[in-house]
Amino acid sequence: PAIQGEEEAVLTYAPNVPPAITRKHATKVIVRLETNEVVKKLADDVEYTFWTFGGEVPGKFIRVREGDLVEFHLSNHPDSKMPHNIDLHAVTGPGGGATSSFTVPGHTSTFSFQALNPGLYVYHCATAPVGMHIANGMYGLILVEPVEGLPAVDREYYVMQSEFYTQGEYGAPGLQPFSMDKALSETPDYVVFNGSVGAMAEDKAITANTGETVRLYVGNGGPNLVSSFHVIGEIFDNVFTEGGTAINHNVQTTLVPAGGSAIVDMKLEVPGTFIIVDHSIFRAFNKGALGMLKVKGEENLLVYSGKQSDAVYLPEGGAIQQVGGLAPGPRIAQNTEERIHFGERIYKQNCLACHQEAGQGVENAFPPLAQSDYLNASIRKSIEAVKNGLTGKIKVNGKTYNGVMPALGLSNEDIANVLTYIYHSWGNNKSVVKPSDVAAVKK
Ligand code: HEM
Ligand code: CU
């Protein structure tokens, strides 16, 4: 079939996807993409020099139709320090376009290709050192719609996983340089969706309504890890496995290879927040690979009842458990204000799950830290509890608790910070705890 007419491609930033193609013929599609190098947020207090296609990670989403002739214009911003090129996995030809698109700063390269195979494809920079260009953020997705189109859905989103290898540990503040050693050993500090920790969570969550179908175009930029892509509390009704044509049904977790993709569709029956993760689960809860799909609408209590009762369950025995290494590397506070500030984060990561958001605890299970007479009576005993764990009967504000608090394996600095935060919160007595106080308590 002949190629008729010409149009400029609509490109979008994640999590948005360009509109579906309604044309019934092939056309010439002009794609203009710019590479540039920008300093942006990787996590709270953490910055990184990203190398990008279009100024964001992941790069802009490109959408064409099977049979289209794509005229590609790759520009490299004059402020760039590096040359860049592009390898699109949708291209049939040497280097996937890389051999024709090597572009030095302040130049534009042009080449064209015909999109022969339908599917969802990764594109990435392939300039040496290739691994470093990808590790710094140079990847995105191009969808080649089949001539017959894709099954209609209500909403579509763009989700791309990737890892970052930084000199500092996860959470270490400041502008973090790339670590070649960690990249070579494939031990990233960060695994994220859409370029940074939290890029698709809380107020940046993707959204839908009950009764709607949602399609995620999922890519994995790597550079190294394979993703076990999963949405907690949902089942994928359709998976276009590896971004190809075969459709699998009723899938819980789908593999997305480095440099590969998947298209997943799900119908949303009930409202709530559905957590999107790489089910290699430490990546989700400790390295950032966590997004959210927030669904609004009517409850369907037949499909999901919600909690029907909560009765106290007290098994016998129980011993102090060791939970190591939950905290990011210690941050050294210079004054009380910093102690409180750093301590808040440690509280949220290590204590909130049991002692709750406002330190109110949970009845018959976890004692309160808010206006706790136990806490306010003795700094030493509080340090002991956090440093060594706590078990056996204790009385807090007139109520007896007989539970188990694990020793969390925090550093002296972190314990001092978290306790100082607690003492300065929720009506407590504003004591300041120093690392030396923590060191003085026996392990
Ligand atoms: C008791 C602090 C994490 C479960 C206590 C107490 C303190 C404390 C000061 C003494 C009682 C009171 O004042 O209310 C902390 C801090 C934490 C932390 C600073 C984080 C660094 C946790 C976690 C759990 C937990 C994660 C649950 C897995 C308990 C329990 C007790 C307790 C069950 C009572 C122990 C007993 O009955 O002997 N905690 N806690 N705590 N905590 Fe935590
Ligand atoms: Cu590059």
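Each remark here, short or long, concerns the structure printed above.
Residues numbered from 1 in each chain as written. Chains lettered and ligands numbered in written order. Predicted model: local features only at pLDDT ≥ 70, side-chain atom pairs only at ≥ 80, totals over all residues. Heavy atoms only, no water.

Student: Honestly, the coordination of the iron atom of ligand 1 in this entry has me stumped. Any pointers?
Tutor: Angles at a metal have ideal values that depend on geometry: 109.5 degrees with four tetrahedral donors, 90 or 180 degrees with six octahedral donors. At 2.0 to 2.1 Å from the iron atom of ligand 1 lie its protein donor atoms, namely His355 (NE2) and Met405 (SD). Note that the iron atom of ligand 1 binds six donor atoms; their angles at the metal cover 85 to 179 degrees, and the shape is octahedral. Here His355 is found in helix α5 (residues 352-355), whereas its partner Met405 is found in strand β25 (residues 404-405), with 50 residues between them in sequence. (Donors = N, O, S within 2.8 Å, 3.2 Å for Na, K, Ca; no water. Tetrahedral: all angles 85-135°; square planar, octahedral: opposite > 155°, others 65-115°. Helix = DSSP H or I, 4+ residues; strand = E, 2+ residues; numbered from the N terminus.)

Student: Before we go on, may I ask you to explain the coordination of the copper ion (ligand 2) in this structure?
Tutor: Coordination of the copper ion (ligand 2) by the protein involves His84 (ND1), Cys125 (SG), His133 (ND1) and Met138 (SD), with metal-donor separations of 2.0 to 2.6 Å. One way to put it: the four donor atoms around the copper ion (ligand 2) meet at angles of 84 to 135 degrees, and that makes the site irregular. Each donor residue of the copper ion (ligand 2) belongs to the same chain, with the gaps between them written as H-x40-C-x7-H-x4-M. Of this pair, His84 sits in the loop between β5 (69-76) and β6 (87-88) while Cys125 is found in the loop between β8 (119-124) and α1 (130-135), placing the two residues 41 residues apart along the sequence. Among the residues examined, His84 registers a relative accessible area of 0% and is labelled buried. (Buried < 20%, exposed > 50% of the residue type's maximum accessible area, 1.4 Å probe, protein only.)

Student: Mind showing me how you'd approach the sheet that holds strand β9 (residues 139-145) here?
Tutor: To summarise the sheet geometry, strands pair through backbone hydrogen bonds and adopt either a parallel or an antiparallel arrangement. On the basis of which strands lie adjacent, the open sheet formed by four strands has the order β4-β9-β8-β6 and mixed pairing. Each edge of the sheet is formed by a strand with only one pairing partner; in this case those strands are β4 (62-65) and β6. By the bridge criterion, two bridges tie β6 to β8 in an arrangement that is antiparallel. Considered in β8, the bridge of Asp87 is made with His124. (Pairing = 2+ DSSP bridges.)

Student: Is there a simple way to explain the nonpolar core in this structure?
Tutor: Note on soluble globular proteins: their nonpolar side chains tend to be buried together. Grouped together as the largest cluster of nonpolar side chains are 27 residues, with contacts concentrated most on Leu216, Phe229, Phe236, Ile276 and Leu293. If sequence neighbours within four positions are ignored, Leu216 has contacts with Tyr157, Val159, Ile206, Phe229, Ala262, Ile263, Val264 and Met266. Residues Val46, Phe61, Leu120 and Leu141 belong to the second largest nonpolar core, which totals 26 residues. (Core = buried A, V, L, I, M, F, W, Y, C linked by side-chain atoms within 4.5 Å. Contact = heavy atoms within 4.5 Å.)

Student: When you look at the site of ligand 1 in this model, what are you seeing that I'm missing?
Tutor: Taken together, 27 residues form the shell around ligand 1, and within it Cys351, Cys354, His355, Pro368 and Met405 come nearest. The separation between an oxygen atom of ligand 1 and a polar main-chain atom of Gly403 is 2.8 Å. If you list the elements that add at least two residues to the shell around ligand 1, you get α5, α6 (373-377), β22 (390-391), β23 (394-396) and β25. The residue inventory of the shell around ligand 1, partitioned by class, reads 20 nonpolar, seven polar and no charged. (Near = heavy atom within 4 Å. Polar contact = N/O pair within 3.5 Å; in protein donor to acceptor, adjacent residues only side chain to side chain. Nonpolar A, V, L, I, M, F, W, Y, C, P; charged D, E, K, R; others polar.)

Student: Is there a simple way to think about the environment of Leu408 in this case?
Tutor: Its location among the elements puts Leu408 in the loop between β25 and α8 (412-423). Here Leu408 falls in the buried class, since its relative accessible area comes to 8%. A C-alpha to C-alpha distance of 7.2 Å links Leu408 and Lys387, two positions 21 residues apart in sequence.

Purely geometric stuff here, so don't read any function into it on its own.
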